[in-house]
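Survey of secondary and tertiary structure
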Amino acid sequence: DGRYRCTQCGKVAYTDRHKASLEASDTRPYFDDKCGWWHIPEASTSKDVMVARDYQEACLNHIHDYFGQENGNPIAALPTGTGKSFIIAEFIKRALESYPKTRVMMLTHVKELIEQNLNALLNIWPTAPAGVYSAGIGRRDHKEPITYAGIQSVYRKPEIFGYIDIILIDEA
């Protein structure tokens, strides 16, 4: 996607100004003559900008390709510690960037995973239009394009959410 980690300064770097401009929210990118990369000033970026690892990017591409070629329900099975929450967040972000009217529901069985998955999304997309519907968390958001929910809290109430384009389940 044109985003790299600069080996000289350690900052997130971009191959061209346009791509850096897309990531910068309130400042202009600058070209660093020392390393030869475009950067965004620190004030407008998170210190922990997440960039997909090769296997995470491969997983995201496989899911995208599946939906382009198949009907059904794909499963992405990854070991503990491989960044499933990040992959879920990045998938949701890309889905809404490509199809802004998409409605997504992310389901899991425990509130800790609801919070973890929501935080992963907000880490890479701080302004994500996301809500939470969970008795354990004490929130009943149901009108946002992205809803993180507990299965036990929603399974008898599909009518309040309306049409959902994509349902994701963590720990299916």
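For the structure, check the block above.
Everything quoted here is computed from the prediction, not taken from an experiment.

**Comments concerning helix H4 (residues 111-124)**
Side chains of residues three or four places apart in an α-helix project in the same direction, reflecting 3.6 residues per turn. Between its first and last C-alpha, H4 extends 20 Å over 14 residues, near the 20 Å set by a 1.5 Å rise per residue. Those residues of H4 that sit buried are Leu113, Ile114, Asn117, Leu118, Ala120, Leu121 and Ile124. One side of H4 carries all its buried residues, which in axial view fall inside an arc of 155 degrees. Of the surrounding elements, those touching the buried residues of H4 are helix H3 (84-98), strand S5 (104-108), strand S6 (130-134), strand S7 (139-140) and strand S8 (146-150).

**Things to note about the environment of isoleucine 87**
By secondary structure assignment, the location of isoleucine 87 is in helix H3. By relative accessible area, which is 5% here, isoleucine 87 ends up buried. Residues isoleucine 87 and arginine 53, spaced 34 residues apart in sequence, show a C-alpha to C-alpha distance of 9.8 Å. Each residue touching isoleucine 87, except ones within four places of it in the same chain, is listed here: Gln56, Cys59, Leu60, Leu78 and Thr82.

**Thoughts on H3**
For H3, built from 15 residues, the straight-helix expectation of 21 Å at 1.5 Å per residue is met to within 8% by its first-to-last C-alpha distance of 21 Å. The element H3 is largely enclosed, with a buried count of 11 among its 15 residues.

**Some remarks on the pattern of salt bridges**
In this structure the tally under the stated criterion is 4 salt bridges. Across the pair arginine 94 and glutamate 57 runs a salt bridge whose closest N-O atoms are separated by 2.9 Å. Of the two residues, arginine 94 sits in helix H3 while glutamate 57 sits in helix H2 (residues 54-69), which places them 37 residues apart along the sequence. Residue classification places glutamate 57 among the partly exposed residues on the basis of a relative accessible area of 26%. Where arginine 94 meets glutamate 90, a salt bridge forms, and the shortest distance between an N and an O atom there is 2.9 Å. Taken together, the residues arginine 94 and glutamate 90, both in helix H3 and 4 residues apart, mark about one turn of the helix. The exposure class of arginine 94 is partly exposed, given its relative accessible area of 25%.

**Some words on the nonpolar core**
Counting residues in each nonpolar core, the largest one holds 25 residues, and the members touching the most others are Ile92, Leu121, Trp125, Ile146, Tyr148 and Leu168. When residues of this core are traced back to their parent elements, those giving at least two are H2, H3, S5, H4, S8 and strand S9 (166-169). Among the elements that line this core, the one with the most residues is H3, at 8 residues. Not counting the four nearest positions on each side in its chain, tyrosine 148 is found in contact with Ile92, Met106, Ile114, Asn117, Leu118, Leu121, Ala130, Gly131, Val132 and Tyr133.

**Here's the deal with the packing of H2 against H3**
One way to put it is that H2 packs onto H3 with a least axis distance of 10 Å and a crossing angle of 45 degrees. Here H3 runs oblique to H2, going by the angle between their axes. Read as a crossing pair, H2 and H3 show a hand that is right-handed. On H3, the residues touching Gln56, Glu57, Cys59, Leu60, Asn61, Ile63 and Phe67 of H2 are Phe86, Ile87, Glu90, Phe91 and Arg94. Within the contact of H2 with H3, the residues separate by chemical class into 7 nonpolar, 2 polar and 3 charged.

So, how was this worked out
- Every chain is numbered on its own, with residues counted from 1 as its sequence reads.
- The predicted nature of this model means local features are confined to residues of pLDDT at least 70 and side-chain atom pairs, given and counted, to a pLDDT of 80 or more, with totals for whole chains, interfaces and linings taken over all residues.
- Heavy atoms from the whole structure form the basis of all side-chain values; hydrogens and water molecules are not counted.
- Comment: elements are numbered from the N terminus, with helices defined as DSSP H or I runs of at least four residues and strands as E runs of at least two.
- Each residue after the first adds 1.5 Å to the expected span of a helix.
- Think of it in three bands: residues with accessible area under 20% of the maximum for their type are buried, residues over 50% are exposed, and the middle band is partly exposed, with areas taken using a 1.4 Å probe on protein chains only.
- This arc is taken over the directions from the axis of the helix to the C-beta atoms.
- Between two residues, a contact is recorded if the distance between any of their heavy atoms is within 4.5 Å.
- Salt bridge, as used here: a side-chain nitrogen of Lys or Arg that lies within 4 Å of a carboxyl oxygen of Asp or Glu.
- Only buried residues count toward a nonpolar core, which is a set of Ala, Val, Leu, Ile, Met, Phe, Trp, Tyr and Cys residues joined through side-chain atoms within 4.5 Å.
- For every element, the axis is a line fit to its C-alpha atoms; helices are fit only across the contacting stretch, and the angle between N-to-C directions ranges from 0 to 180 degrees.
- What sets the label is the angle itself: under 35 degrees gives roughly parallel, over 145 gives roughly antiparallel, 65 to 115 gives roughly perpendicular, and the rest give oblique.
- Here is the rule for handedness: rotate from the far helix to the near one, and if that takes an anticlockwise turn smaller than a right angle the crossing is left-handed, while a clockwise turn gives right-handed.
- Gly is placed with the polar residues, together with every amino acid not listed as nonpolar (Ala, Val, Leu, Ile, Met, Phe, Trp, Tyr, Cys and Pro) or charged (Asp, Glu, Lys and Arg).

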